[in-house]
Amino acid sequence: MNSRVLSLLVGVGLVGCGEKAQEVKDAANALEAVAQASGGLVETQKEAEKFYNDRKAKGDTVAMPYADLQKMLPSAPSDYAASGEPSGSSQSMGGFSMSQTEQTFTRPAGADGSAPTIEVGIVDFGGTQAAYGMMALPMMMNLSQEDAHHRMQTLKVDMPYTWGSEEYNKDDKSSKVTLVTRYRYVITVEVRNHGEDKSAMARSLAEEVAKRFEGK
């Protein structure tokens, strides 16, 4: 069913319920936005297939070893120190292949006894297109949601083949930024125990990591 038919049906339903003409117009505009987003996703899917086919032609069909992925982790931000060695693992089964790594950075505990923490994670879905698609799809759309306790929105990132999302917990002031890049990599930065909104810092660090994958 195309967007015009959907718009007509929604409009008839609203009029039948006695809704104002402006609401009909708003509904039509919303459906048109969805239609445009769907068209953009079709183009993105074509682009993704080109990436996959180019990699396949080069024999690049599995995720990189986790030890190589660990080299993409950032250095400790100013005033932070790495909390031990980074974790890492690789999995492969049939057509499924992925690697992941994670590093935690901390600062000395504050007056409340909690230590400010940054967790950086990277996943390479190099051999698992479906899993990457499930992660990336919501970030490729213009979404936002907010209530008294949480805020969530997708991000526009000034980097080729990269999309993202941001989540903020208003109660504990924790932030999480996730970026997907080059139809393969997922970067996550979580910031906790800072006592204030550090979403901008989380985004900056996530973008720093994403830039390391340019051309890969």
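Look up a bit, the structure's there.
Thresholds, definitions, all that
- Residues numbered from 1 in each chain as written.
- Predicted model: local features only at pLDDT ≥ 70, side-chain atom pairs only at ≥ 80, totals over all residues.
- Heavy atoms only, no water.
- Helix = DSSP H or I, 4+ residues; strand = E, 2+ residues; numbered from the N terminus.
- Buried < 20%, exposed > 50% of the residue type's maximum accessible area, 1.4 Å probe, protein only.
- Contact = heavy atoms within 4.5 Å.
- Areas by Shrake-Rupley, 256 points an atom, 1.4 Å probe, with all protein chains shown as cover.
- Phe/Tyr/Trp six-rings, centres within 6.5 Å; stacked < 30°, edge-to-face > 60°.

Structural notes on the overall build of the protein
Part 1 of the reasoning: The number of helices and strands found in the protein is five helices and nine strands.
Part 2 of the reasoning: In the protein, the order of α-helices and β-strands from amino to carboxyl end is α-α-α-β-β-β-β-α-β-β-β-β-β-α.
Part 3 of the reasoning: Going through the 216 residues of the protein one by one, you find that 36% of them count as buried.
Part 4 of the reasoning: Sequence-distant contacts, at least 24 apart, represent 53% of the contacts inside the protein between residues at least 6 apart.
Part 5 of the reasoning: When the accessible surface of the protein is totalled, it reaches about 12,500 Å², and 53% of it is carbon and sulfur.

Points about the packing of aromatic side chains
Part 1 of the reasoning: One pass over the full model with this rule turns up three aromatic pairs.
Part 2 of the reasoning: Note on Y161 and Y183: the rings are 6.4 Å apart at their centroids and 45° apart in plane angle, and the pair reads as tilted. In this pair, Y161 is assigned in the loop between β6 (150-155) and β7 (162-169) and Y183 in the loop between β8 (175-181) and β9 (185-192), connecting sequence segments 22 residues apart.
Part 3 of the reasoning: Residue Y161 is classed as partly exposed on the basis of its relative accessible area, which comes to 31%.
Part 4 of the reasoning: Among the aromatic side chains, those forming a connected cluster through ring pairs are Y161, W163 and Y183.

Re unusual backbone geometry
Part 1 of the reasoning: The backbone of Y161 sits at a positive phi, close to 55°, despite the residue not being glycine.
Part 2 of the reasoning: One non-glycine residue with positive phi stands out, namely R182, at about 55°.
Part 3 of the reasoning: Tracing the backbone shows R182 in the loop between β8 and β9.

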